Amino acid sequence: MRQISIVPYAGLANRMRVISSGIYIAKELGGIAKIYWKREGNCYAQFKELFDSIPVSDVSVTEVSNFNLSLLRANKKNLYVPSLLRKFTYDTQLTNFNVKTDGDIFSKILPSGKVYLCSCNSMSNHY
């Protein structure tokens, strides 16, 4: 079964859009959605402080820290190392994807394997 790793970031509303559209994408692909929640400046609360568990089958939420490099957003500060590490684990990596500017996400995901999605925007028109 395909695994979709979803890493939302930015403020709370942005994260809610990413999670809901990510779950829709995982369901359409027949996969498991694993949501990785990281406390950051724009939303420093833990997932369980804000929400109950997500009542959808094949969806899990995990709190991550700065020590899990492969799930962090790649940037100049961390020398883009997380992106390089993900190449060994994921078949497809999409970061900062936005359905309004980037089009259909399903055409950009490889037909099989593990998918990494990291965004602060809605990744699908449906959620």
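Residues numbered from 1 in each chain as written. Predicted model: local features only at pLDDT ≥ 70, side-chain atom pairs only at ≥ 80, totals over all residues. Heavy atoms only, no water.

A. Quick peek at the overall build of the chain. Broken down by element type, the chain carries 4 helices and 5 strands. Along its sequence from the N terminus, the chain presents helices and strands in the succession β-α-β-α-β-α-β-α-β. Taking 14 Å as the expected radius of gyration for a compact globule of 127 residues, we find that the chain reaches 14 Å, a close match to that expectation. Its C-alpha atoms give the chain principal-axis dimensions of about 35 × 35 × 30 Å. Looking at the chain residue by residue over its 127 residues, the buried ones come to 40%. Split by element, the accessible area of the chain, about 7,100 Å² in all, is 53% carbon and sulfur. (Helix = DSSP H or I, 4+ residues; strand = E, 2+ residues; numbered from the N terminus. Rg over C-alpha atoms; globule rule 2.2 N^0.38 Å. Buried < 20%, exposed > 50% of the residue type's maximum accessible area, 1.4 Å probe, protein only. Areas by Shrake-Rupley, 256 points an atom, 1.4 Å probe, with all protein chains shown as cover.)

B. Structural view of the nonpolar core. Core analysis: the biggest nonpolar cluster contains 20 residues, and Ile105, Leu117 and Met123 have the highest contact counts within it. Those elements giving two or more residues to this core turn out to be β1 (3-8), α1 (12-29), β2 (32-38) and β5 (115-119). If you tally residues by element for this core, the top one is α1, at 5 residues. Apart from the residues within four sequence positions on either side, isoleucine 105 is in contact with Ile25, Leu94, Phe97, Leu117 and Met123. Core analysis: the next-biggest nonpolar cluster, separate from the first, contains 10 residues, Val7, Leu71, Tyr116 and Cys118 among them. (Core = buried A, V, L, I, M, F, W, Y, C linked by side-chain atoms within 4.5 Å. Contact = heavy atoms within 4.5 Å.)

C. Region of interest: the pairing of β2. Where burial is concerned, most of β2 is hidden: 5 out of the 7 residues are buried. Looking at chain direction, β1 and β2 are connected through 4 bridges and run parallel. When the sheet's bridge partners are listed, isoleucine 4 is paired in β2 with alanine 33. In this view, the connection linking β1 to its parallel neighbour β2 by way of α1 has right-handed handedness. For β2 and strand β3 (residues 59-64), the ladder comprises 6 bridges, and the chain directions are parallel. Looking at β3, one finds that lysine 38 is bridged to valine 64. (Pairing = 2+ DSSP bridges. Right-handed = clockwise from strand over helix to strand, strands pointing away.)

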